[in-house]
Amino acid sequence: MTVAVNAQTFAPLQFAGVNIAGFDFGCGTDGTCIISEVVPPVYQLSGVDGLGQMQHFVNDDGYNVFRLPVGWQYLTYNQPTSVLNETQFSNYNMLVSDCLSTGAHCEIDIHNYARYDGEIIGQGGPSNEVFAELWYNIASYWQNETNVIFGVMNEPHDIPNITTWAESGMFRHVLLVHRPQMILIFLGNKYAVTAIREAGAITQMILLPGNNYTSAETFVSSGSAEALGMVRNPDGTFTNLIMDVHKYLDYDNSGTHAPCVTNNIEDSWYPLSTWLRANGRQALNTETGGGNVDSCVGYISQQIGYQAAQSDVILGYLGWSAGSFATDYVLSEVPYYNGTGWNDTLLVSMAMSPMTNMLVASVL
């Protein structure tokens, strides 16, 4: 199959960046988060120089966005509530402030897989109202920070009642949908969207995740795209409501193997960009990556090239991951400081850095 590049007009991608992980350490896909395992990428708290990494990425690579994952349990000090613990939130805010100081956009990402301690939000876990209030409290703090992006939830998956999750995640004012899988995704984002906007954050981007680990490959076929397409701001618009998609390049799309085997164009980016363009929507690829091996340099370069050709609907990409990971982590994008300067990993230096690919607006 030959996949057509059918963007209306070529323009560079708006965003390129990387995850700065560490406040999410200890979080599992069942929504448990062991906060004693957190390694904050904040020098004053752990010795990990997250600020130095971000400054390097901005100044030397041309990155302009960072995703800052954090566990719900960390922010509330192991309480399934919406109340932000003052000390814990202050620690996390140190990372956000470091990020904002670089001039980049900074995504607040709740890294809980639509769960809290094994229970799905609104389906045995914290109620939809508690989840909405959590986002109200978070958004209230950064309501005037135009460079803050709100990522509703990291990688929802295996949601049995789509209707209920749709209620928890995004809406209070709902339209009925004819497929139950889509209703849950729809409602699951609406509560959060309404809460964020009512907190005063009326202009910032909000990222809407789908089911199946918000996979770009199944975003359309699973019904997530259709469901999220109905999510609206309280004023009825969908301005700055952006689809949140992930896609890795290893054989099972798990992001746990070094070799890359695909550029994802035919199976993922072509159908997704076609849907986005037909429906007037946009997406941001907030997790992607591979090992520091030649196969990933090649395939990632092809993927980013295709995304850039679809830049009217795909806003950009963020690699997984830098921050507090060890440099020998299989998908490490952690730069190494040699005493006088920072050195990038193979994948960043040869493919993902905008200074290398020249496909991002920040360097053109």
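This text goes with the structure placed above it.
This report concerns the structure included in the present document. The model shown is predicted, which means the values in this text are computed figures rather than measured ones.

Moving on, we get to the overall build of the protein chain. A tally of helices and strands in the protein chain yields 14 helices and 12 strands. Scored against the burial criterion, the 364 residues of the protein chain give a buried share of 58%. Contacts in the protein chain between residues far apart in sequence, at least 24 positions, make up 73% of those at least 6 positions apart. Entry remark: accessible area of the protein chain is about 13,200 Å², with carbon and sulfur atoms responsible for 51%.

Residue Ser321 is bonded to the preceding Trp320 through a cis peptide linkage, with omega at 0°. In this fold, Ser321 is placed in strand β10 (residues 314–323). Residue Tyr113 is not a glycine yet carries a positive backbone phi of 60°. Within the secondary structure layout, Tyr113 lies in the loop between β3 (105–110) and β4 (115–116). Positive phi is not limited to glycine here, since Asn253 has a value of about 60°. Note that Asn253 resides in the loop between β8 (241–246) and α11 (265–279). On the basis of relative accessible area, Asn253 is assigned to the partly exposed category, the value being 24%.

What follows is about the packing of aromatic side chains. Applying the stated rule across the entire model yields 15 aromatic pairs. Between Phe89 and Tyr141, the ring centres sit 5.1 Å apart and the planes meet at 85°, which makes this aromatic pair edge-to-face. With Phe89 in helix α4 (residues 86–101) and Tyr141 in helix α5 (residues 128–141), the pair connects residues that are 52 residues apart, well separated along the chain. The structure contains a cluster of three or more aromatic residues connected by ring pairs, namely Phe23, Tyr74, Phe89, Tyr92, Tyr141 and Trp142.

In total, this model carries 3 disulfides according to the counting rule given. A sulfur-sulfur separation of 2.1 Å characterises the disulfide bridge that pairs Cys27 with Cys33. Judged by the sign of its S-S torsion, about 110°, the bond between Cys27 and Cys33 is right-handed. Here Cys27 and Cys33 have matching classes, each one buried. Going through the protein chain in sequence order and numbering each bonded cysteine, the pairs you get are 1-2, 3-4, 5-6.

Spatially, β1-β2-β3-β6-β7-β8-β9-β10 is the arrangement adopted by the 8 strands of the closed barrel, whose pairing is parallel. In this sheet, adjacent strand axes meet at a mean angle of 30° when their direction is disregarded. Inspection of the sheet shows strand β1 (residues 15–21) paired to β10 by 6 bridges, in the parallel sense. Its bridge partner being in β10, Phe15 is matched across the sheet by Gly316. Against the sheet, α5 engages β3 and β6 (148–151), with an angle of about 160° to β3. Across the sheet, helix α12 (residues 294–309) is in contact with β9 (283–288) and β10; its angle to β9 comes to roughly 170°.

This part takes up the packing of α5 against helix α8 (residues 190–198). Remark: α5 packs on α8, axes separated minimally by 8 Å, with the N-to-C direction vectors making an angle of 35°. Along this stretch, α5 crosses α8, giving a crossing that reads as right-handed. Facing α5, whose interface residues are Asn128, Glu129, Phe131, Ala132, Trp135, Tyr136 and Ala139, α8 presents Tyr191, Ala192, Ala195, Ile196 and Glu198. Residues of the contact of α5 with α8, tallied by class, amount to 9 nonpolar, 1 polar and 2 charged.

Scanning the model with the defined rule gives 5 salt bridges in all. Notably, a salt bridge pairs Arg67 with Glu287, separated by 2.8 Å at the nearest N-O pair. On the criterion of sequence distance, the pair formed by Arg67 in strand β2 (residues 65–70) and Glu287 in strand β9 is long-range, its members being 220 residues apart. Salt bridges sharing common partners tie together Arg67, Glu107, Asp109 and Glu287.

With respect to the helices and strands, the residue Gln204 is situated in the loop between α8 and β7 (206–209). Assessed through its relative accessible area of 2%, Gln204 is described here as buried. Within the structure, the side chain of Gln204 is placed 3.2 Å from the backbone oxygen of Trp142, a separation counted as a polar contact. When near neighbours in sequence (up to four residues on either side) are disregarded, Gln204 contacts Trp142, Gln143, Asn144, Glu145, Thr146, Val148, Phe150, Arg197 and Asn240.

As a further point, take the packing of α11 against α12. Running from N to C, α11 and α12 point in directions that differ by 15°, and their axes come no closer than 11 Å. Our classification of the angle between α11 and α12 gives roughly parallel. Considering the relative orientation of α11 and α12, their crossing is right-handed. Side by side, α11 and α12 meet where Ile265, Trp269, Tyr270 and Ser273 of the first sit next to Gln302, Gln303, Tyr306 and Gln307 of the second. Split into classes, the residues belonging to the contact of α11 with α12 amount to 4 nonpolar, 4 polar and no charged.

Attention shifts here to the side chain of Asn93. Counting through the fold element by element, Asn93 comes out in helix α4. Of note is the side chain of Asn93, whose polar atom sits 3.0 Å from the side chain of Tyr141.

Criteria and cut-off values
Residues numbered from 1 in each chain as written. Predicted model: local features only at pLDDT ≥ 70, side-chain atom pairs only at ≥ 80, totals over all residues. Heavy atoms only, no water. Helix = DSSP H or I, 4+ residues; strand = E, 2+ residues; numbered from the N terminus. Buried < 20%, exposed > 50% of the residue type's maximum accessible area, 1.4 Å probe, protein only. Contact = heavy atoms within 4.5 Å. Areas by Shrake-Rupley, 256 points an atom, 1.4 Å probe, with all protein chains shown as cover. Phe/Tyr/Trp six-rings, centres within 6.5 Å; stacked < 30°, edge-to-face > 60°. Disulfide = S-S within 2.5 Å. Pairing = 2+ DSSP bridges. Axes fitted to C-alpha atoms, helices over the stretch in contact; angles between N-to-C directions. Left-handed = near helix turned anticlockwise from the far one by under 90°. Nonpolar A, V, L, I, M, F, W, Y, C, P; charged D, E, K, R; others polar. Salt bridge = Lys/Arg side-chain N within 4 Å of Asp/Glu carboxyl O. Polar contact = N/O pair within 3.5 Å; in protein donor to acceptor, adjacent residues only side chain to side chain. Parallel < 35°, antiparallel > 145°, perpendicular 65-115°, else oblique.

These results come straight from atomic positions and should not be treated as a statement about function.
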